[in-house]
Every structure is written in C-alpha cells, then in structure tokens.
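Below are the chains, spelled out letter by letter.
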Amino acid sequence: MNQYTPPKVWTWNKANGGTFASINRPIAGPTHDKELPVGKHPLQLYSLGTPNGVKVTIMLEELLARGHKGAEYDAWLIRINDGDQFGSGFVGVNPNSKIPALMDYSEPKPVRVFESGSILVYLAEKFGEFLPTERAARTEALSWLFWQMGSAPYLGGGFGHFYAYAPEKIEYAIDRFAMETKRQMDVLDRRLAESEYLGGPDYTIADMAVWPWYGGLAKGRMYNDSGEFLAVQEYKHVQRWADAIDARPAVKRGRMVNRAFGDPAMQLHERHDASDFETKTQDRLAAE
C-alpha cells in the first residue's frame, strides 16, 4: 500500500469519494438557480428514498394512518447524484444541501425544517403523536433518536462507504468501521432484549429513525452482501424488532415514496395523493 503523507494545507485538486465523488465538494451554497415545485398540500417534502429520507415518509404515512388529515403531503424527488440538492431553492430550505427537507405552509409564516431528526420531532409535536409527553418516557425516546443521529454516520459514511463504495478496499478502514457497526448492533440488541421498542413499550419516532438504517442492515438490504459479512442474524432481538416494523402498512408505503432504485413496483418517485401507491409506481407507469 502506498504511504500517504498529508500536506501541511489540504487543497481540493481531485475528485474524492468513489461512487459519490461527483457530488462531494468542500464548500456549501447553491451551484445553480432552480426553484422547488410546490403542490396542493400544506406539507411539502423534498427527498430521496435513502434511509434518512425514509424516516420522514414513514412518519407522514403513520400520521395519515392515524387519521391526521393535516399530515397530507406532496413528496418531490431530489436526485442527489444529479446535484438537485445544490439548486438554489433546495439550499433555501436546507442550507446543508442534504435530504430530506420539509416546508410547512400551514403555519402563519411558512416553516422550513431540515435534518431528519428535527423533522421527526417537529411532526411529532405538531400532531401530538409518536413521542411521549411524560418526561422520562419522552427523554428515553429522544435519547435513542439522537443515538441514531450520532451513530449512523459510522454505519453509512464509515462502514458502508469503505465496504461498498470506496474505489479500493482498505482493510484498516473496513475493519475499523465493521467493528463499530457490530458494536452498535449489539447496543440495539441489548436494548431490544429488554424493551419491545427502543423508547419503551410504544412505537415512537426513535424506531422510525433507527429502523431504516439498522433494520435495513438486519434484513440484508444495505451495502451488497454486508449482512452476511457482519453476521447480522446473530442479533435476534434486532431481527424481531425489524420484522415487526417491516410488517406495518404505513412503513411499507413510506419505503416506496421517493424511491428511485430497485424493484420498479416499489418505486413511487413522487407522492401527491394516497391513490398514487396504486397508480403511479414505476412498474405501472411503464405499463401504460
């Protein structure tokens, strides 16, 4: 392996990031002018069906399943590989240029919400659902929500990147992040051995945040054959929890929204009405 000596001052003089090199850059702000579309509902979501995006579409579908008509939403596809997140309109909603981003036009002054954890808390408080109000229970749920926000970068940007996307396999990097990912799975397994859900006996936004990442890993949906590599079947309590959430109808719908990869029957690029799940998936559009 070539020995690398860092320069005294780093400069951006070559593409970096393997599969995602075309969208990585060391500066913020828009690269082009592009307004965002606005649909008919108060809630406007701009996202992609990655684990972070799926958190929010699950939450919205769960709210609708509980009868909250105010949670109706338009979901617009943001293709991050095409740089949509660097358009001026998107940067105006999320200056960090990451999906998901939400605009709420139901308030006297429109509210922008960015960062998936913040969106989950915002919606939970707005509709009074999926986040306990009793202080200890609320704190437990929020602790697991923030655990996900701090931990998942080691799974995604760490393990996932070096295992599946980096231009070369680096043993040190893969070993380092595989070890941390397995430690995190053990943290979850121990918690779920004593509790039905992460926050306690009830399903909360903590589960909605953690499941797309770690439930996806447990069910073999992440980073090629990484499930076998990490022996995810060992985590029996995570498997039980992942299966229970998998079976929820709102979760099944949430996984489809803004999905632009995989089985065409599971891809609903845009969502503007509940009927879109039956009529606007990519397999149905292709058959027309």
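Source: prediction; values computed, not measured.

Chemist: It is not clear to me how the overall build of the chain should be interpreted in this structure. Could you clarify?
Modeler: Each helix and strand counted, the chain has eleven helices and four strands in total. For 288 residues, the compact-globule estimate of 2.2 N^0.38 gives 19 Å, and the C-alpha radius of gyration of the chain, at 19 Å, lies within 12% of that figure. Looking at the chain residue by residue over its 288 residues, the buried ones come to 49%. Pairs at least 24 apart in sequence give 64% of the contacts found in the chain among residues at least 6 apart. Working note: accessible area of the chain is about 14800 Å², and carbon and sulfur atoms make up 53% of it. With 33 positive and 37 negative side-chain charges, the chain shows a separation of 3 Å between the mean positions of the two kinds.

Chemist: Looking at this model, I keep getting lost on the nonpolar core. Mind explaining?
Modeler: Soluble, globular proteins show a tendency: their nonpolar side chains are buried together. Core analysis: the biggest nonpolar cluster contains 65 residues, and Met59, Leu123, Ile205, Tyr214 and Trp241 have the highest contact counts within it. Those residues in contact with Trp241, other than ones at most four positions away along the chain, are Leu192, Glu196, Tyr197, Leu198, Asp207, Val210, Trp211 and Gly215. Counting eleven residues, the second largest nonpolar core, distinct from the first, contains Tyr46, Phe90, Val93 and Ile99.

Chemist: Looking at this structure, how should I read the pattern of salt bridges?
Modeler: Side chains that differ in charge, positive against negative, can pair when their charged atoms come close. Using the criterion set out here, one finds 17 salt bridges in the structure. A salt bridge links Arg271 to Glu61; its shortest N-O distance comes to 3.3 Å. With Arg271 in the loop between α9 (249-256) and α10 (276-279) and Glu61 in helix α1 (residues 51-65), this pair connects stretches of sequence that are 210 residues apart. Comparing Arg271 with Glu61 shows no difference in burial state: the two are buried. As a salt-bridge pair, Arg66 and Glu129 come within 2.6 Å of each other at their nearest N and O atoms. One end of the pair, Arg66, is in the loop between α1 and β2 (73-77); the other, Glu129, is in the loop between α3 (116-127) and α4 (135-165), with 63 residues separating them in the sequence. Exposure remark for Arg66: the relative accessible area of 46% places this residue in the partly exposed category. One salt-bridge network, in which partners are shared between bridges, spans Glu61, Glu72, Arg253 and Arg271.

Chemist: Is there a simple way to think about helix α6 (residues 205-218) in this case?
Modeler: Owing to its 3.6 residues per turn, the α-helix aligns residues three or four sequence positions apart on the same side. In this model α6 runs 19 Å from its N-terminal to its C-terminal C-alpha over 14 residues, within 8% of the 20 Å that 1.5 Å per residue would give. The sharpest bend along α6 measures roughly 55 degrees and falls at Trp211, with the proline Pro212 sitting one to four residues further on. Most of α6 is tucked away: 14 of the 14 residues are buried. Phi turns positive, to about 75 degrees, at Gly220, one or two residues after α6.

Chemist: Just to check I follow, could you spell out the packing of aromatic side chains for this structure?
Modeler: Think of a pair of aromatic rings as described by two things: how far the centres are apart, and how the planes are tilted against each other in angle. For the structure on display, the rule yields eleven aromatic pairs. Pairing Tyr154 with Phe177 gives two aromatic rings, centres 6.5 Å apart and planes at 40 degrees, and the pair type is tilted. Note that Tyr154 is positioned in helix α4 and Phe177 in helix α5 (residues 171-194), a separation of 23 residues in sequence. Judged by relative accessible area, Tyr154 falls into the partly exposed class, the value being 41%. On the numbers, 5.8 Å between centres and 55 degrees between planes, the contact of Tyr197 with Tyr203 is tilted. Each member of the pair, Tyr197 as well as Tyr203, carries the same accessibility label: buried. The structure contains a cluster of three or more aromatic residues connected by ring pairs, namely Phe159, Tyr163, Tyr165, Tyr223 and Phe229. A cation over a ring is seen here: Arg25 above Phe86, with NZ or CZ 4.2 Å from the ring centre. Residue placement shows Lys126 over the ring face of Phe127; its charged tip is 5.9 Å from the ring centre.

Rules behind the numbers
Residues numbered from 1 in each chain as written. Predicted model: local features only at pLDDT ≥ 70, side-chain atom pairs only at ≥ 80, totals over all residues. Heavy atoms only, no water. Helix = DSSP H or I, 4+ residues; strand = E, 2+ residues; numbered from the N terminus. Rg over C-alpha atoms; globule rule 2.2 N^0.38 Å. Buried < 20%, exposed > 50% of the residue type's maximum accessible area, 1.4 Å probe, protein only. Contact = heavy atoms within 4.5 Å. Areas by Shrake-Rupley, 256 points an atom, 1.4 Å probe, with all protein chains shown as cover. Lys, Arg positive; Asp, Glu negative; His and termini not counted. Charge placed at Lys NZ, Arg CZ, Asp CG, Glu CD. Core = buried A, V, L, I, M, F, W, Y, C linked by side-chain atoms within 4.5 Å. Salt bridge = Lys/Arg side-chain N within 4 Å of Asp/Glu carboxyl O. Expected span 1.5 Å × (residues − 1). Bend = angle between axes of the 7 residues up to and from the residue. Phe/Tyr/Trp six-rings, centres within 6.5 Å; stacked < 30°, edge-to-face > 60°. Lys NZ or Arg CZ within 6 Å of the ring centre and 35° of its normal.

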